[in-house]
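Here's the letter readout for the chains.
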Amino acid sequence: MEKYKNNNTFSFEIVKKLPNQLGRAGIIHTPHGDIKTPAFMVVGTIGKVYFVSMEDLKQVNAQAMLSNGYHLRNQSFEIAENGGLSRWSGWNGPTLTDSGGFQVMSLGSGSGKVVSMSKDQNVENTKEEDRLAHVCEKGVHFTDPFTSVQDFIGPEESMQIQCRIGADIHMAFDELTSLADDYDYNVEALARTERWAQRSLDEHKKHYMDLGYYQALYGVIQGGRWEDLRRSTCKKMAEMDFDGYGLGGAFLKEDLSEILRWCNEELPENKPRHLLGLSHPDDILNGVEMGADTFDCVAPTREGRHGKLYTPTGVINLQKFMDSPLMIDENCDCPTCQAGYTLGQLRKLWKSQDKEEKYKYFELASMHNLRFIIRLTEQAREALLQDQFYEFKERFLKTYYHNKK
């Protein structure tokens, strides 16, 4: 039998608290290793990060990988037969899966709109007759957009899928609303999410040791932009037997800190909290301050592939750097910068018609952007431990957003 870490258990310890605020530095202990928080989880949608090897992920100091329950649902039996996500993927470290709820709901309300943080008030949901997903009390009936096959996922199915995939941390099945949904619909959807949370717990308890190691379950917090809904659901979730919590939902960017404060004032202090799907520096540092422990987002790798590279003074667009001898950041410790690649060289690879050269750029850009965000969480943790978090946050954001009006 495989020997697991931390006595094959899941736990969370707080190492240091942020004075007069909800933030903290901690350690999440899982059967596949520890996660020192605050931490950014790299997104390996299908059990791998596109264009980045597992060895490269170790080089950028990634601690954990998040994969997608929806996209891996049809491979879940194969993954289980091979010992679970960590072993099957070759990552050999802590892992997390989401419930598939986000992807399924995107087929309903509309992909790209369902979690918009834009101030644009004209956002509209997809018309009912055009939706690929339909919610009912049992779960969500949906049409796979790639195969046109009719499918269904509810709390029980999501837990069965995730327990076969076998990440160290799972997310309960929830209904994600969009900015276009009004208060009354959010009340209805939230009540359904709370019922689904209990069903997720009940089903998860049947399968959480199926692969021989402890698999944790987080409850997912919804409630949109309304304080009464957020606080009430957090109180209810706090009384349920979850190992931690996922903080989700659609809201405007400027409301993030306040919404996290509402939630984390009500949630148990001794359980970890994962902020779903955000990675911009201000979101991460505001999240840390307001008590979020871990983060994930596809933005670092996706934006890198589109020629956007992260630097301490903001995002640069590679399009503007033809033949430039400059480096992305002379002080960066990522493999790309350490190898001495210039912006001109990177742009040439990016624009190349040769697939191998273009893919090489995708690898180099992804490693750089991932290391940038991972390093930010490392620096935030160290600043918090040294009682210098507020100074670090102010200095970092002032430099990063110096051109933003």
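Residues numbered from 1 in each chain as written. Predicted model: local features only at pLDDT ≥ 70, side-chain atom pairs only at ≥ 80, totals over all residues. Heavy atoms only, no water.

(A) Focus on the sheet that holds strand S9 (residues 150–153). Across the sheet, 3 strands lie side by side as S7-S8-S9; this open sheet has antiparallel pairing. This sheet does not close on itself; its edge strands, each paired only once, are strand S7 (133–135) and S9. In this sheet, adjacent strand axes meet at a mean angle of 20 degrees when their direction is disregarded. Of the strand pairs in this sheet, strand S8 (residues 140–143) and S9 are connected by 4 bridges, and their pairing is antiparallel. Bridge assignment links Val-140 to a residue of S9, and that residue is Ile-153. (Pairing = 2+ DSSP bridges. Helix = DSSP H or I, 4+ residues; strand = E, 2+ residues; numbered from the N terminus. Axes fitted to C-alpha atoms, helices over the stretch in contact; angles between N-to-C directions.)

(B) Quick look at the environment of Gly-244. In this fold, Gly-244 is placed in strand S12 (residues 244–247). Sequence spacing of Gly-244 and Gln-215 is 29 residues, and the spatial spacing of their C-alpha atoms is 12 Å. Contact partners of Gly-244, with chain neighbours within four places excluded, come to Leu-217, Tyr-218, Gly-219, Lys-271 and Pro-272. (Contact = heavy atoms within 4.5 Å.)

(C) Region of interest: the nonpolar core. Residues Val-42, Leu-57, Phe-242, Leu-309 and Tyr-361 are the most contacted members of the largest nonpolar core, which totals 71 residues. Considering each element in turn, this core owes the most residues, 13 residues, to helix H13 (residues 355–385). With 15 residues, the next largest nonpolar core counts Ile-35, Val-43, Leu-66 and Leu-96 among its residues. (Core = buried A, V, L, I, M, F, W, Y, C linked by side-chain atoms within 4.5 Å. Buried < 20%, exposed > 50% of the residue type's maximum accessible area, 1.4 Å probe, protein only.)

(D) Representation of the pattern of salt bridges within the structure. For the coordinates displayed, the defined rule picks out 23 salt bridges. One salt bridge connects Glu-269 with Lys-17, and the closest N-O pair in it is separated by 3.0 Å. Taken as a pair, Glu-269 in the loop between helix H8 (256–266) and strand S13 (273–275) and Lys-17 in strand S1 (residues 11–17) lie far apart in primary sequence, 252 residues in all. In this structure, Arg-261 and Glu-265 form a salt bridge, with 3.2 Å as the shortest nitrogen-oxygen distance. Taken together, the residues span about one helical turn, with Arg-261 and Glu-265 both in helix H8 at a distance of 4 residues. Residue classification places Glu-265 among the partly exposed positions, given a relative accessible area of 39%. Three or more residues are tied together by salt bridges with common partners; here these are Glu-227, Arg-231, Glu-258, Arg-261, Glu-265 and Glu-266. (Salt bridge = Lys/Arg side-chain N within 4 Å of Asp/Glu carboxyl O.)

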